[in-house]
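# Observations on the model geometry
Given next are the chains, with one letter for each unit.
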Amino acid sequence: MAEIVNLNRFRKAKERDSEAKQAAENRVRFGRSKVEKANDRREAERRANLHAGKELDKPATGDKSDAGVPDSDRD
């Protein structure tokens, strides 16, 4: 015969485990010092600036008269 399982206990235990996992994630995410947060912010800004510096130049949207015309063909 199978073992009888109390579903309420099972559900509550599962919920406790889920809450403990969320608490651990929050400790990692929010439990940092001001210096650590500032370092992460500076690192993110540095990466964004590096990425922005490698983007290709885009033509101005308002200047369509010379778009696609080589310099040798202009008057």
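Conventions used here
Residues numbered from 1 in each chain as written. Predicted model: local features only at pLDDT ≥ 70, side-chain atom pairs only at ≥ 80, totals over all residues. Heavy atoms only, no water. Patch = residues over 30% accessible without salt bridge, like charges linked within 9 Å, V, L, I, M, F, W, Y side chains within 5 Å. Areas by Shrake-Rupley, 256 points an atom, 1.4 Å probe, with all protein chains shown as cover. Salt bridge = Lys/Arg side-chain N within 4 Å of Asp/Glu carboxyl O. Lys, Arg positive; Asp, Glu negative; His and termini not counted. Charge placed at Lys NZ, Arg CZ, Asp CG, Glu CD. Helix = DSSP H or I, 4+ residues; strand = E, 2+ residues; numbered from the N terminus. Buried < 20%, exposed > 50% of the residue type's maximum accessible area, 1.4 Å probe, protein only.

### Quick word on a positive patch on the surface
Taken together, the side chains of K34, K37, R41 and R42 define a basic patch exposed on the protein surface. Examined against the element boundaries, K37 turns out to sit in helix α2 (residues 34-53). Residue class for K37 comes out partly exposed when judged on its relative accessible area of 37%.

### Let's talk about the pattern of salt bridges
Under the criterion given, the structure shown has four salt bridges. As a salt-bridge pair, E15 and R11 come within 4.0 Å of each other at their nearest N and O atoms. With E15 and R11 both in helix α1 (residues 7-30), this residue pair falls four residues apart, about one helical turn. Residue classification places R11 among the partly exposed positions, given a relative accessible area of 43%. Here E43 ties to R46 by a salt bridge, and the two come within 2.8 Å at their closest N and O atoms. With E43 and R46 both in helix α2 and three residues apart, the pair spans about one turn of that helix. Relative accessible area serves as the criterion here: at 30%, E43 is assigned to the partly exposed category. Assessed through its relative accessible area of 43%, R46 is described here as partly exposed. One network of salt bridges, in which partners are shared, links E43, R46 and R47.

### Concerning a nonpolar patch on the surface
Among the surface-exposed residues, V5, L7 and F10 lie close enough to one another that they form a single nonpolar patch of about 350 Å² accessible area. Checked against the element boundaries, L7 lands in helix α1. On the basis of relative accessibility, which here comes to 64%, the residue L7 falls in the exposed class.

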